[in-house]
Amino acid sequence: MNNEKRYFASNSNTARPMLFALLVFLLAVSCTKKDSPAEHTHAESAKAVYTCPMDPEVISDKPGSCPICKMDLVLKQPAAIKPVEVSKAKEVKLETLLNPTNEFVVSNIPVTSPKKSAEQIEIEALGNIAYDTRQVGSISARVAGRIEKLYVRYRFQKITKGQRLLDIYSPELMTAQQNLLFLLKNDPSNALFIEAAQEKLRLLGLNDAQIKQLIQSDKPSLTVPIYSHYTGHVHEAAYGSSMSAKSNTMNELSLLTEELTLKEGMYLQKGESIFTVYNPDRAWAILSIYGESQGLVKIGNPVQITPETAPDKAFGASIDFIEPFFRNGSKTLRARVYFNNSQLKIPIGSQVKATIIGNTIAAYWLPVAAVLSLGLDAVVFQKTQGGFKARKIKTGISYNDYIQVLSGISSTDTVAINAQYLMDSESFIKIKK
């Protein structure tokens, strides 16, 4: 009995650790086999669900009929859950990350390459309609005298060739008429003197019809009319000191009423300009060409001009003249387009838009966004192993969101399509000369 007791006691002492180890093993196995929350959710979503085709809000876990419309419930297929693919990040070498940030950029943005194409350049320009100064006429006094009668009353009055403008009394002209009549009466056979007297009257402003009338009437005229030799609009000319003595009151009044400062009773000096006549039927369009397009505009380039006030009166012409200087305070180059305005009747001073057809340029082109301007230099980010490297290039003109590449990269090189995106806002780009 004592031996049996000792046997059971020793067996019980040995079995206890084994039993404890077994329990730990079973607990670990049960934990490893336990469903994860994701698997449990997937299992629940995989359960059969029945619904009514007419009333989708009716849902059941077993077949049957709809309590609303009595139709048979149909099995609703659960949406398949696609496994999520996790893409591995590309490995970046240490030497790539050690490049200076103002010379090298690590990125994965799209790239592009210079494309060669022949582009018909069209240049947009703005301008206005002005008088053709080649058609401007000047009416001046050939003799000194007093204005007896004025037939032109206001500024910009329309006159025609041969129209009577004013009557002038001139002692010098009176004496010349009397000399001719004296020769005709006392020495009619002296043709040389008579011809000289008539020529003097012509120089003083009389025409052949007026001289003929003088001879027929045999009486000198106290006043002599002055006629216009041009057709157009009357503008006042700049007068001498005798006109400026009227003070500024008269000038201010004329600006308000648009009356001429020239009045009856005023005296004119010999050779003094009275009127300037502008012909609105002959005009030109003055176009402003901006800096990047100035080298593309040549004399003879076709141009399409559209008045802003009358788009239906668009017309075609060509560049006739390019001013060889910049006007004071302006950095635009001006080009002139002469045209006949007798049919179009476009008002002088109207604003116009113009499209100038330039030459065809065959070159390599990049998107404007791919080129970063640093002031005097232009930079692109060239694709290299591991990232992008800043590279200086030489550019030409910009056209239709593209910029011409003259040198610096070849057609086989690839550059970032958006250079500004790669530039650090707190640093500057360093390029090697």
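Residues numbered from 1 in each chain as written. Predicted model: local features only at pLDDT ≥ 70, side-chain atom pairs only at ≥ 80, totals over all residues. Heavy atoms only, no water.

## With respect to helix H6 (residues 208–217)
By the burial criterion, the buried members of H6 are Gln210, Ile211 and Leu214. Summarising the axial view, the buried residues of H6 lie within an arc of 100°, below the 170-degree limit, and thus occupy one face. Seen from the open side of H6, the exposed residues pointing more than 90 degrees away from its buried face are Asp208, Ala209, Lys212, Gln213 and Gln216. Its side-chain oxygen at 3.3 Å from the backbone nitrogen of alanine 209, asparagine 207 defines the N-terminal cap of H6. (Buried < 20%, exposed > 50% of the residue type's maximum accessible area, 1.4 Å probe, protein only. Helix = DSSP H or I, 4+ residues; strand = E, 2+ residues; numbered from the N terminus. Arc of directions from axis to C-beta. Polar contact = N/O pair within 3.5 Å; in protein donor to acceptor, adjacent residues only side chain to side chain.)

## Focus on the environment of aspartate 401
Positionally, aspartate 401 belongs in the loop between strand E23 (387–399) and strand E24 (402–407). Residue aspartate 401 is classed as exposed on the basis of its relative accessible area of 64%. Separated by 34 residues in the primary sequence, aspartate 401 and proline 367 have C-alpha atoms spaced 6.0 Å apart. Setting aside chain neighbours within four positions, we find aspartate 401 in contact with Leu366, Pro367 and Val368. (Contact = heavy atoms within 4.5 Å.)

## Observations concerning unusual backbone geometry
Notably, phenylalanine 156 is not glycine yet its phi reads approximately 65°, a positive angle. Relative to the elements of secondary structure, phenylalanine 156 occurs in the loop between strand E8 (145–150) and strand E9 (158–159). Not every positive phi belongs to a glycine, and lysine 345 is a case in point at roughly 55°. Looking at where lysine 345 falls in the secondary structure, it is placed in the loop between strand E19 (333–340) and strand E20 (351–367). Classification of lysine 345 as partly exposed rests on a relative accessible area of 48%.

## Brief notes about the confidence of the model for the protein
In this model, the protein carries an average pLDDT of 77, and 74% of its residues clear a pLDDT of 70 or more. The weakest mean pLDDT in the protein belongs to helix H7 (residues 241–244) at 36; the strongest belongs to strand E16 (residues 302–307) at 93. Counting contacts from residues 1–12, a segment whose pLDDT is below 50, to residues more than four positions away or on other chains yields 0 contacts. This model gives residues 94–98 a pLDDT under 50, and the stretch forms 4 contacts once residues within four places in sequence are excluded. (pLDDT = per-residue confidence, 0-100.)

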